[in-house]
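# Per-entry structural report
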Amino acid sequence: MKSVRAFVFDLDGCVWNGDTLNPGAAAVLRALHEHGRRLGFITNNSRATGSDIRVRLERLGVTVADTVLTPLEIIGETIADRYGRSRVLVIGAAELADVVALAGHEIVAVKDYRRAAVVVVGNDFELSYERLTAAARAAAAGAPLVTPNVDPRLPIEGGDFFPGCGAIIAAVATAAGVEPIVVGKPEPPLFEIALRRLGVGAPEAAMVGDSIPSDVVGARRVGMRTVLYAPDGVPPGADAAELVIGSFADLARLAGVPATAG
Ligand SMILES: [Mg+2]
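Residues numbered from 1 in each chain as written. Predicted model: local features only at pLDDT ≥ 70, side-chain atom pairs only at ≥ 80, totals over all residues. Heavy atoms only, no water.

Let us now look at the coordination of the magnesium ion. Within the first shell, the magnesium ion binds the protein through Asp10 (OD), Asp12 (O) and Asp210 (OD), at distances of 2.1 to 2.2 Å. Sequence spacing of the donor residues for the magnesium ion, all on one chain, is D-x1-D-x197-D. The burial state of Asp10 is the same as that of Asp12; both residues are buried. (Donors = N, O, S within 2.8 Å, 3.2 Å for Na, K, Ca; no water. Buried < 20%, exposed > 50% of the residue type's maximum accessible area, 1.4 Å probe, protein only.)

Structure follows, in structure tokens:
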């Protein structure tokens, strides 16, 4: 890890839980930056853009991010590339509908779901049976079902969680009898764009995250080195990762940087 030129971090459950940084994160990120490592952050968050996340990081004292990426940066473009400018039903946060509209697509109202050529489902804190029905019927009628991620949970403070985007997608996909198209991790685009922005090749970069299916599997697929963050003990399947760390202090040791607070 001493030769790694860039570290790419997952956020939820790794750098932070809810609005709390994990122990040592701020000091170790600063130390890595001071020792010349490039730092990227990629999250499957379906309700925030990269600049929203950067603001949140800075508020928590992390000011050393070279690049921050979420699926919201690429989902509108991905739909345009695959299906052209489309009529899109969006079930999810207002931020998700905004980025889809910004990419030139027409947003279809929930009651007009029959007009939708594409269905996008993100984490929806105002999910209702009506919205679930509209998404499932549109997807069943042939509109491709596109999602930022299929993460089952959104980890928050105190070891608690909210149901994630994947929980909602599972309901829609099951009712529609279709498979979703995933834009975020573990699919390659977020990893590849982050590496390009950091100016490093995949073998010179390590992905650090708490999810084996999303962070470790996705990073390996593009040829990055992998570090599993497992503060509560080594989980089953951890041998998929090259290294397992229990804390940010472990990461500093592996990278050969001193991580003193302050
Ligand atoms: Mg995570």
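It is worth spelling out the packing of aromatic side chains at this point. Per the counting criterion, the structure on display carries five aromatic pairs. With centroids separated by 5.3 Å and ring planes inclined at 50°, the aromatic side chains of Tyr229 and Phe248 adopt a geometry described as tilted. Taken together, the positions of Tyr229 in strand E14 (residues 225–229) and Phe248 in helix H9 (residues 248–255) put the pair 19 residues apart, joining distant regions of the chain. Note on accessibility: Tyr229 and Phe248 belong to one class, buried. Linked through ring pairs, Phe7, Phe9, Phe41, Tyr229 and Phe248 together constitute an aromatic cluster. Above the ring of Phe125, the side-chain terminus of Arg47 is found at 3.9 Å from the ring centroid. Lying across the ring of Phe161, Arg153 places its NZ or CZ 3.7 Å from the centre. (Phe/Tyr/Trp six-rings, centres within 6.5 Å; stacked < 30°, edge-to-face > 60°. Helix = DSSP H or I, 4+ residues; strand = E, 2+ residues; numbered from the N terminus. Lys NZ or Arg CZ within 6 Å of the ring centre and 35° of its normal.)

Honestly, it's all geometry; don't read function into it.
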